[in-house]
Amino acid sequence: MGSSARMRSFGAVAIALGALVASALPLSPAGADTRRRLSVGDTSVVEGTGATVDAIVPVTLDGPALNPVTVSYFVANSSATLPGDFAYVSGALTFTPGQTAKSVTVPIAGDVRWEGVEEFTVNLFGPVEATVIDGTGQVRIIDDERPPYAFVTSPTVIEGDSGSTNAVFNVR
């Protein structure tokens, strides 16, 4: 074997050995990423009649992170308003490495008035070690009172030959 053939042979072994070593070295821990994506979900809650109930709003990372991930949040009016329908909350959530789910708890005020379905939002901002891809979660408050209604009876009127006759409607 000539020196040229030996060099080609040695080069092939070196390349193969380099590939073997490179494939054995992890580039990052399994499934981890330093730039995760954050989302806040939507939720619904049935309003109570007096006591407060909690709306639990999910906040998720799309996978585990190497470092702690922090995001701030606040609530905002929509058709539901502060302070009569829900309590103001704001703060920050911290995901420790490996954690992918957290939640924001918002107290919902109960009442005995019919208001229909109302909504407000939970908003994410200021992420650290992540990017917010869905930063607005809708919270629907479903009213548990019946809507107001009126029941009107059909009148029976006996028609006369002259003049006018009153029709009487009973409203309940």
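Our subject is the structure that appears above.
The shown structure was predicted, so the numbers you read here are calculated from the model rather than taken from an experiment.

Draft legend 1. View of unusual backbone geometry. Backbone torsion omega between L82 and P83 reads -15°, so that peptide bond is classified as cis. Topologically, P83 is positioned in the loop between β4 (69-77) and β5 (90-95). The backbone of E129 sits at a positive phi, close to 70°, despite the residue not being glycine. Here E129 is to be found in the loop between β7 (118-128) and β8 (130-134). Relative accessible area serves as the criterion here: at 30%, E129 is assigned to the partly exposed category.

Draft legend 2. Fine view of the nonpolar core. Counting 26 residues, the largest nonpolar core has L38, V59, V104, V106, I108, F120 and V122 as the members making the most contacts within it. Excluding anything up to four places from it in sequence, F120 contacts V75, A76, S78, A80, F86, V106, I108, G137, Q138, V139 and I141.

Draft legend 3. Looking closely at the packing of aromatic side chains. With the rule as written, the count across this model stands at two aromatic pairs. Aromatic side chains F86 and F120 sit 3.9 Å apart centroid to centroid with 10° between the ring planes, which places their arrangement in the stacked category. Of the two residues, F86 is situated in the loop between β4 and β5 and F120 in strand β7; the sequence distance between them amounts to 34 residues. There is no split in this pair, since F86 and F120 are both buried.

Draft legend 4. Fine view of the pairing of strand β3 (residues 53-61). Where strand β1 (residues 36-40) meets β3, three bridges bridge the pair, whose relative direction is antiparallel. Bridge pairing in β3 places L38 opposite L61.

Draft legend 5. Region of the structure containing the sheet that holds β8. The strand order across the open sheet formed by four strands is β6-β3-β1-β8, and the pairing between neighbours is mixed. Edge positions in the sheet fall to β6 (101-108) and β8, since each of these pairs with one other strand and no more. Taken over all neighbouring pairs, the strand axes of this sheet differ in orientation by 25° on average, direction set aside. Here β1 runs beside β8; their pairing, made up of four bridges, is parallel. The residue bridging R36 from the neighbouring strand is A130, located in β8.

Draft legend 6. Focus on the pattern of salt bridges. This model, assessed by the stated rule, comprises three salt bridges. With its nearest N and O atoms 3.0 Å apart, the salt bridge here joins R36 to D62. One end of the pair, R36, is in strand β1; the other, D62, is in the loop between β3 and β4, with 26 residues separating them in the sequence. Here E119 and R140 are joined by a salt bridge, their closest N and O atoms 3.2 Å apart. In this pair, E119 sits in strand β7 while R140 sits in strand β9 (residues 136-142), placing the two residues 21 residues apart along the sequence. Relative accessible area serves as the criterion here: at 25%, E119 is assigned to the partly exposed category. What makes R140 partly exposed here is its relative accessible area of 37%. Three or more residues joined by partner-sharing salt bridges are found here, namely R36, R37 and D62.

Analysis parameters
Residues numbered from 1 in each chain as written. Predicted model: local features only at pLDDT ≥ 70, side-chain atom pairs only at ≥ 80, totals over all residues. Heavy atoms only, no water. Helix = DSSP H or I, 4+ residues; strand = E, 2+ residues; numbered from the N terminus. Buried < 20%, exposed > 50% of the residue type's maximum accessible area, 1.4 Å probe, protein only. Core = buried A, V, L, I, M, F, W, Y, C linked by side-chain atoms within 4.5 Å. Contact = heavy atoms within 4.5 Å. Phe/Tyr/Trp six-rings, centres within 6.5 Å; stacked < 30°, edge-to-face > 60°. Pairing = 2+ DSSP bridges. Axes fitted to C-alpha atoms, helices over the stretch in contact; angles between N-to-C directions. Salt bridge = Lys/Arg side-chain N within 4 Å of Asp/Glu carboxyl O.

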